[in-house]
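Single-letter residue listing:
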Amino acid sequence: MADVSTSPAALATRIPRAARAAVAPLARAVTYTRWLHLLMGAVVAAACGLVYPGLFDLRTADLLWLPVLPVLPLVAVAMVPATRLAEGLQARLLLTPGEHARHQQGHLAPRIAAAPSASRGDRARTALWLVLRLEAGCLTALLSVQLPNVTGALVAAASDGTPTAVMGLRISGHHWWYALLAPLPLAALMALVVAAGSLMTAAATRLLGPSAAERLAALEERTERLLEHNRLARELHDSIGHALTVAVVQAGAARAAGSAEFTDRALAAIEETGRSALEDLERVLRLLREDTARGPADRPGLTDAERLLESARAAGSTLDAEVTGPLEELPGPVSREGYRILQEALTNVLRHAGPVPVTVRVAVAADTGALRLDVRNPLPGPGRPDGPFAGPGRGTGLRGIRERAALLGGEAEAGPYEGEWRLSVTLPPDRSHAHV
């Protein structure tokens, strides 16, 4: 039985596939951007060559000077921190244009750094990169000129037998088969460009890639971004959840009361709560769009707690609220997170127990400046084990409260206590969390 892998049919299909693979790089834009990057490496040599030894009537010895003379000036330029930034940006755009675009959209971590040199190691790698780019550029420029000349000489020799000397080779005689050899120098040039472009890209990732400190900074930035997204998700959960809970409770109470006056009050409370939720939603969406025109100071703090208490009263709850201590002196992060914790606590009461009496204590310790929140309400009765919002998502509010407290170095406890449901939160006055 014949081997299928070596059968004529298999070979016939394998050859076109190999041909397509060989030609595929010529259809990719990155091949030509890398070629341009390689040729640009010879610009410094050409500039130096204008001074010495001149670019006309060059001898072989003169050609050898072109890739040598610029080395010391390039090493000196590499000591300037901004050189690494310029080289990194250029390498990103020309060596990895597709990856650069995806990195700009945030889908891919950069393999090539675009930052000034921050250490002697960065400057040394930049100097090595500039020298490597110079030598590769000179070689590519030379072959990009001479190999097409060889093709032209072969075509001329095949057509009229004109003898030509190119790259130390003398092509003479009148032979028709020279025309068959004419495409080979161009194919060799393209193969060289593809291979050299890949090698230069690999070298760029090693010599211009992020240093250990830059990778650590990027990891910290990504962590901060994830924490920010989690915080925004918690804010949306707290704000929108509170608004929807108040609206549902108010609508149900108004329908049960059957009073036009009570319905008017309920609609007013729903309108006010909805407007506040829309403001929060707009602010969070603005942050997600990275609009920094307004910052954390626009977020509500505990000085605005009365709005939450009025919203809970309008929903039918009887509140016994007591606020003590200088709330206005609380650090911004503590005040803002305390507001969200109180909002989620009142929302949980309405969601799981309904419009029941609630005791709220907000206190700022005069000696330590620590914030203490205490919210208590009767446990749900036997006929109301889960409240009107039973289903998926239960427990996310308490988890969010614990996460908020932990981010500020505080503690949060929730559970039955002396026949009631109690939420107790303590937040220290640590000003090191100004980003929260």
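A quick note: this is a predicted structure, and the numbers were derived from the prediction, not measured. (Residues numbered from 1 in each chain as written. Predicted model: local features only at pLDDT ≥ 70, side-chain atom pairs only at ≥ 80, totals over all residues. Heavy atoms only, no water.)

**Student:** So what exactly am I meant to see when it comes to the overall build of the protein chain here?
**Tutor:** Scanning the protein chain from terminus to terminus reveals 15 helices and seven strands. Considering the protein chain as a whole, with its 436 residues, one finds that 37% of them fall into the buried category. Counting contacts in the protein chain only where the partners sit at least 6 residues apart, residues at least 24 apart contribute 72% of the total. As displayed, the protein chain has an accessible area near 23,800 Å², and 63% of this comes from carbon and sulfur atoms. (Helix = DSSP H or I, 4+ residues; strand = E, 2+ residues; numbered from the N terminus. Buried < 20%, exposed > 50% of the residue type's maximum accessible area, 1.4 Å probe, protein only. Contact = heavy atoms within 4.5 Å. Areas by Shrake-Rupley, 256 points an atom, 1.4 Å probe, with all protein chains shown as cover.)

**Student:** Explain the confidence of the model for the protein chain to me, please; I cannot follow it from the model alone.
**Tutor:** A low pLDDT means the predicted coordinates there should not be read in detail. In the predicted model, the protein chain carries a mean pLDDT of 78, and 77% of its residues have values of at least 70. In the predicted structure, residues 431-436 sits below a pLDDT of 50 and forms 16 contacts with residues beyond four places in sequence or in another chain. (pLDDT = per-residue confidence, 0-100.)

**Student:** Looking at this structure, how should I read the UniProt feature "transmembrane region" (unreviewed entry) in the protein chain?
**Tutor:** The sites that carry the UniProt feature "transmembrane region" (unreviewed entry) are, in the present numbering, residues 35-52, 64-82 and 176-199. As annotated, residues 35-52 has a helix share of 83% and a strand share of 0%, and its two end C-alpha atoms lie 26 Å apart. (UniProt positions renumbered as here; feature names shortened; annotations may be inferred.)

**Student:** Explanation requested: the state of the cysteines in the structure shown.
**Tutor:** Where two cysteines share a covalent bond between their sulfur atoms, that bond is called a disulfide. Going through the model one piece at a time under the given rule, you end up with zero disulfides. The cysteine Cys 48 is free of any disulfide, with Cys 138 supplying the nearest cysteine sulfur at 9.5 Å. (Disulfide = S-S within 2.5 Å.)

**Student:** Would you explain a nonpolar patch on the surface in this entry?
**Tutor:** Taken together, the side chains of Leu 50, Val 51, Tyr 52, Trp 65, Val 68 and Leu 69 make up a nonpolar region of the molecular surface, amounting to roughly 620 Å² of accessible area. Locating Val 68 in the fold gives a position in the loop between helix 4 (60-65) and helix 5 (71-78). On the basis of relative accessibility, which here comes to 45%, the residue Val 68 falls in the partly exposed class. (Patch = residues over 30% accessible without salt bridge, like charges linked within 9 Å, V, L, I, M, F, W, Y side chains within 5 Å. Salt bridge = Lys/Arg side-chain N within 4 Å of Asp/Glu carboxyl O.)

**Student:** Explanation requested: the packing of aromatic side chains in the structure shown.
**Tutor:** Each aromatic ring pair is characterised by the separation of its centres together with the angle its planes make. Applying the stated criterion across every chain yields a total of one aromatic pair. Judged by centre distance (6.5 Å) and plane angle (35°), the ring pair of Tyr 32 and Trp 35 falls under tilted. With a gap of three residues between them, Tyr 32 and Trp 35 both fall in helix 2 (residues 29-40), about one helical turn apart. Taking the relative accessible area as the measure of exposure, Trp 35 reaches 18% and is therefore buried. A cation over a ring is seen here: Arg 422 above Tyr 417, with NZ or CZ 4.4 Å from the ring centre. (Phe/Tyr/Trp six-rings, centres within 6.5 Å; stacked < 30°, edge-to-face > 60°. Lys NZ or Arg CZ within 6 Å of the ring centre and 35° of its normal.)

**Student:** I tried to follow the environment of Ala 114 on my own but got confused; where do I start?
**Tutor:** Following the sequence through the fold, Ala 114 ends up in the loop between helix 7 (97-104) and helix 8 (120-160). In this structure the C-alpha to C-alpha distance between Ala 114 and Thr 83, which are 31 residues apart in sequence, comes to 10.0 Å. Discounting residues that sit within four places of it in the chain, Ala 114 has contacts with Leu 85, Leu 89 and Arg 92.

**Student:** Got a minute to help me understand the pattern of salt bridges in this structure?
**Tutor:** Pairing between side chains of opposite charge can happen when their charged atoms approach one another. Taken as a whole and assessed by the stated rule, the structure comprises nine salt bridges. We note a salt bridge from Glu 306 to Arg 313, for which the minimum N-O separation is 3.4 Å. Assessed through its relative accessible area of 43%, Glu 306 is described here as partly exposed. Residue classification places Arg 313 among the partly exposed positions, given a relative accessible area of 32%. Through salt bridges that share partners, Glu 306, Glu 310 and Arg 313 make up one connected network.

**Student:** Looking at this structure, how should I read unusual backbone geometry?
**Tutor:** Excluding glycine, residues mostly have negative phi values, and the peptide bonds linking residues are mostly trans. Here Glu 418, not a glycine, exhibits a phi torsion of approximately 55°, which is positive. Along the chain, the position of Glu 418 falls in the loop between strand 6 (411-417) and strand 7 (420-427).

**Student:** What exactly am I supposed to notice about the side chain of Thr 151 here?
**Tutor:** Mapped onto the elements, Thr 151 comes out in helix 8. With relative accessibility at 11%, the residue Thr 151 sits in the buried group. Residues within four places of Thr 151 in sequence aside, it is in contact with Ala 182, Pro 185 and Leu 186.

**Student:** What exactly am I supposed to notice about the nonpolar core here?
**Tutor:** Nonpolar side chains tend to gather and get buried jointly when the protein is soluble and globular. Of all hydrophobic cores here, the largest spans 31 residues; its most connected members are Leu 302, Leu 371 and Val 425. Of the residues forming this core, the biggest block, seven residues, is contributed by helix 14 (residues 332-352). Apart from the residues lying within four places of it in its own chain, the contact partners of Leu 371 are Leu 302, Leu 330, Val 334, Gly 338, Val 362, Ala 363, Val 364, Val 425, Thr 426 and Leu 427. (Core = buried A, V, L, I, M, F, W, Y, C linked by side-chain atoms within 4.5 Å.)

**Student:** Got a minute to help me understand the pairing of strand 6 in this structure?
**Tutor:** Residues in a regular strand point their side chains to alternate faces of the sheet. Here seven bridges tie strand 6 to strand 7, and the two strands are oriented antiparallel to one another. Bridging across to strand 7, Pro 416 finds its partner in Trp 421. Adjacent in sequence and paired antiparallel, strand 6 and strand 7 are bridged by two residues, among which Glu 418 carries a positive phi angle near 55°. (Pairing = 2+ DSSP bridges.)

**Student:** Hey, could you run me through the pairing of strand 7 in this one?
**Tutor:** Pairing of strand 5 (residues 371-378) with strand 7 involves eight bridges; the strand directions are antiparallel. Pairing of Leu 371 across the sheet is with Leu 427, part of strand 7.

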